[in-house]
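Chain by chain, the residues:
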Amino acid sequence: MTSTGAGELLQAEAELWCHAFGYLKSMALQCAIKLGIPNAIHRCGGAASLPELHAALPVAASKRPCLSRIMTFLSASGIFGVETPEDGEVTGVRYHLTAASRLLVEDESGSGGHACLSQLVLLIMTPIHFRASQSLADWLKDEDDAAAAETPFMAAHGASFYGFASRDAEFGACFNEAMGSDSRFVAETMVRECGPVFAGLTSLVDAGGGDGTTARAITRAFPHVRCSVLELPHVVDAAPADGTVEFVAGDMLEFIPPADAVLLKVGSLNNARLIDI
Ligand SMILES: C[S@@+](CC[C@H](N)C(=O)[O-])C[C@H]1O[C@@H](n2cnc3c(N)ncnc32)[C@H](O)[C@@H]1O
């Protein structure tokens, strides 16, 4: 067995610390969104000093010194860029938006026309997901193969992800809103870059199409394509009915309405089920 040098050992320990504290990156990002830091920097013209952030953000006066540490951390993570003045004076440090944090700016006209992804990012970091991932080791050890524990999410919450979303109206609404923001973002690129794909179609069904955001964007960009959305009943019940797209309540594993094309932009269904479809 080869012995490991002190330098390598210390490096290995540092790596472990980075992994163990990795969740702090997520939590700092969550904090930035909840405080509205991307919006504040955007309103300052795309770059802001600490005094400008203190004036714009709801941070208690006694906690202001901590904000500079959070900004340093977020800058090291690439969420914000940082320019330090030559004299090193802290009040002269300016933080600016990066490509990633521009996607967290709520004002669409100011974020380069992109949809804002803040709701989606916050959804990924809900305690509901953390609770499920914290049960991963116990779930792997457990011999119980009852349907109730098919996934770590089911083991933690007693329901499938979509079962939970239908049971908890507040979480369901957050989830649909977050998916809608992702769809707005993806649809912008899809209709701009994939025109030829839609050229020969007269109808399309978006299976698991959420609140219909993607289908609406397709219909608006390609009016010759009649779009419908197949969704679980609780999602159809809450969907905005503006007549642009038709909603069909059902289970895509059982039935998909006939159309020239099927759009499938879904996660959280296991691979075997997706292959069935
Ligand atoms: C990850 S979300 C994606 C929503 C939308 N396609 C988008 O990209 O914004 C998956 C969607 O599939 C729906 N869904 C899940 N299982 C389904 C099933 N068996 N039949 C129909 N819809 C389903 C969920 O309600 C959810 O809205």
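Going by what an unreviewed UniProt entry lists, the protein is known as Trans-resveratrol di-O-methyltransferase-like and is assigned to Panicum miliaceum.

1. Quick word on the overall build of the protein
Secondary structure assignment for the protein yields 16 helices and seven strands. A total of 277 residues make up the protein; the buried ones form 24% of that total. Intrachain contacts of the protein at a sequence separation of at least 6 include 51% that bridge at least 24 residues.

2. Comments concerning the nonpolar core
The biggest cluster of nonpolar side chains holds 27 residues, and the ones touching the most others in it are Ala32, Ile41, Phe80, Leu104, Cys116, Leu117 and Val121. Going through the elements one at a time, helix H2 (23-35), helix H3 (37-43), helix H5 (64-76), strand E3 (94-97), helix H7 (118-124) and helix H12 (169-193) are the ones with two or more residues in this core. When near neighbours in sequence (up to four residues on either side) are disregarded, Val121 contacts Leu29, Ile33 and Leu104. Counting residues in hydrophobic clusters, the runner-up holds twelve residues, among them Ala207, Ala215, Met252 and Leu263.

3. A word on the UniProt feature "domain: O-methyltransferase dimerisation" (unreviewed entry) in the protein
The feature "domain: O-methyltransferase dimerisation" (unreviewed entry), as given by UniProt, occupies residues 17-106 in the numbering adopted here. Secondary structure across residues 17-106 comprises 53% helix and 12% strand; the distance between its end C-alpha atoms is 34 Å.

4. Thoughts on the confidence of the model for the protein
On average, residues of the protein score 91 in pLDDT, and 92% of them reach the 70 mark or higher. Ranking the elements of the protein by mean pLDDT puts helix H16 (residues 271-276) last with 67 and E3 first with 98. In the predicted assembly, ipTM is 0.98 and pTM is 0.86.

5. Structural notes on H12
Taking 1.5 Å as the rise per residue, H12 with 25 residues should run 36 Å; its terminal C-alpha atoms sit 35 Å apart, in good agreement. Those residues of H12 that sit buried are Phe175, Asn176, Ala178, Met179, Gly180, Ser183 and Ala187. Those residues of H12 hidden inside the fold are in contact with H7, helix H11 (161-167), helix H14 (213-221) and helix H15 (233-238).

6. Observations regarding the sheet that holds strand E7 (residues 261-264)
With respect to topology, four strands assemble into an open sheet ordered E6-E5-E4-E7, the strand pairing being parallel. Strands at the two margins of the open sheet, each flanked by one partner only, are strand E6 (246-249) and E7. Here the average twist between neighbouring strands, direction ignored, is 25°. Here strand E4 (residues 203-207) runs beside strand E5 (residues 226-231); their pairing, made up of five bridges, is parallel. Residue Leu204 lies in a different strand from E5, and its bridge partner there is Cys227. Sitting on the sheet, H14 is in contact with E4, E5 and E7, with an inclination near 175° to E5.

7. Examining the packing of H12 against H14
Relative orientation of the contacting elements H12 and H14 amounts to 30°, with a least axis distance of 8 Å. Relative to H14, the element H12 lies roughly parallel. The two elements H12 and H14 meet at a crossing, and its hand is right-handed. Residues Gly180, Ser183, Arg184, Ala187 and Val191 of H12 lie in contact with H14, whose contacting residues are Thr213, Thr214, Ala217, Ile218 and Ala221. Counted by class, the contact of H12 with H14 contains five nonpolar, four polar and one charged residues.

8. Observations concerning the environment of Pro196
Relative to the helices and strands, Pro196 is located in helix H13 (residues 195-199). Under the C-beta neighbour-count criterion, Pro196 is labelled exposed, with 7 such atoms within 10 Å. Taking the C-alpha atoms as reference points, Pro196 and Ala239, 43 residues apart in sequence, are found 29 Å from one another.

Definitions and limits used
- Residues numbered from 1 in each chain as written.
- Predicted model: local features only at pLDDT ≥ 70, side-chain atom pairs only at ≥ 80, totals over all residues.
- Helix = DSSP H or I, 4+ residues; strand = E, 2+ residues; numbered from the N terminus.
- Buried ≥ 20, exposed ≤ 12 C-beta atoms within 10 Å, placed from the backbone.
- Contact = placed C-beta atoms within 7 Å.
- Core = buried A, V, L, I, M, F, W, Y, C linked by C-beta atoms within 7 Å.
- UniProt positions renumbered as here; feature names shortened; annotations may be inferred.
- pLDDT = per-residue confidence, 0-100.
- Expected span 1.5 Å × (residues − 1).
- Pairing = 2+ DSSP bridges.
- Axes fitted to C-alpha atoms, helices over the stretch in contact; angles between N-to-C directions.
- Parallel < 35°, antiparallel > 145°, perpendicular 65-115°, else oblique.
- Left-handed = near helix turned anticlockwise from the far one by under 90°.
- Nonpolar A, V, L, I, M, F, W, Y, C, P; charged D, E, K, R; others polar.

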